[in-house]
Each structure stands twice: as structure tokens, then as C-alpha cells.
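Chain by chain, the residues:
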Amino acid sequence: MTVIAFTLLSVGIALYIMKHQLGLNKDLDFGAGAYYYADIPDYEKVDADGHYVTHIPKWVYYALFFVWGFLMYRLWVWISRDKDDKEENGKE
């Protein structure tokens, strides 16, 4: 019952925000899908000169991304397996 109430409340709040256009900047019209850096005027000029430099090779970032994804997948499988085991044993 709590989940249903929370879901209905969340949808209601979202509709209220959408109807009253809360959080929108009237001076910036980006249309639908404006997110991330779309609300920063002239964002492409923020680091156009390349002031941000890293000394870590790009492959390290890719490796960390895939390692993190694999670890989260293994966690998901472990949680799912634990839940399935409890359901089979009648503990839930």
C-alpha cells in the first residue's frame, strides 16, 4: 500500500511541476530533452582551449567503466540468487 501511495504522490508532484513549468528558465528555450549541459549558455566554450588535461590514459577510464559494470552485474546476480533461494525455502 505504501508503494502505491508513494507512486501516486510522485506522479502527482511530477504533473504539478510540469503543469506549472517549475524549474524552467524562460530565457533559455532548448525544447524537449534539454538536460545535462543544455542549460549552460555557451557550454561548448567552457573548455574549448583544452585547459582540462589528464595524465591518465583513456583506456584506464574505459577499463574502470567495464570493471564497475561487471561488479554491479555480479552484485545484481548475487542479490537475485539470494532472493530466489529465500523464495524457494519459503522464507519470504
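> What exactly am I supposed to notice about the overall build of the chain here?
A tally of regular secondary structure across the chain gives 2 helices and 0 strands. Element-wise, carbon and sulfur atoms account for 65% of the exposed surface of the chain, whose accessible area totals about 9200 Å².

> Looking at this structure, how should I read a nonpolar patch on the surface?
Taken together, Val 67, Trp 68, Phe 70, Leu 71, Met 72, Tyr 73, Leu 75, Trp 76, Trp 78 and Ile 79 make up a surface patch of nonpolar side chains, about 1100 Å² in accessible area. Mapped onto the fold, Leu 75 is located in helix H2 (residues 58-88).

> Honestly, helix H1 (residues 2-19) in this entry has me stumped. Any pointers?
Side chains of residues three or four places apart in an α-helix project in the same direction, reflecting 3.6 residues per turn. Look at H1: 25 Å from first C-alpha to last across 18 residues, which is about the 26 Å you get at 1.5 Å a residue. The element H1 is barely covered by neighbouring structure, given that only 0 of its 18 residues are classed as buried. The positive-phi residue at the C-terminal boundary of H1 is Gln 21, with phi of around 50°.

> Mind showing me how you'd approach the environment of Leu 22 here?
Mapped onto the fold, Leu 22 is located in the loop between H1 and H2. By relative accessible area, which is 45% here, Leu 22 ends up partly exposed. Discounting residues that sit within four places of it in the chain, Leu 22 has contacts with Tyr 16 and Ile 17.

Cut-offs and rules
Residues numbered from 1 in each chain as written. Predicted model: local features only at pLDDT ≥ 70, side-chain atom pairs only at ≥ 80, totals over all residues. Heavy atoms only, no water. Helix = DSSP H or I, 4+ residues; strand = E, 2+ residues; numbered from the N terminus. Areas by Shrake-Rupley, 256 points an atom, 1.4 Å probe, with all protein chains shown as cover. Patch = residues over 30% accessible without salt bridge, like charges linked within 9 Å, V, L, I, M, F, W, Y side chains within 5 Å. Salt bridge = Lys/Arg side-chain N within 4 Å of Asp/Glu carboxyl O. Expected span 1.5 Å × (residues − 1). Buried < 20%, exposed > 50% of the residue type's maximum accessible area, 1.4 Å probe, protein only. Contact = heavy atoms within 4.5 Å.

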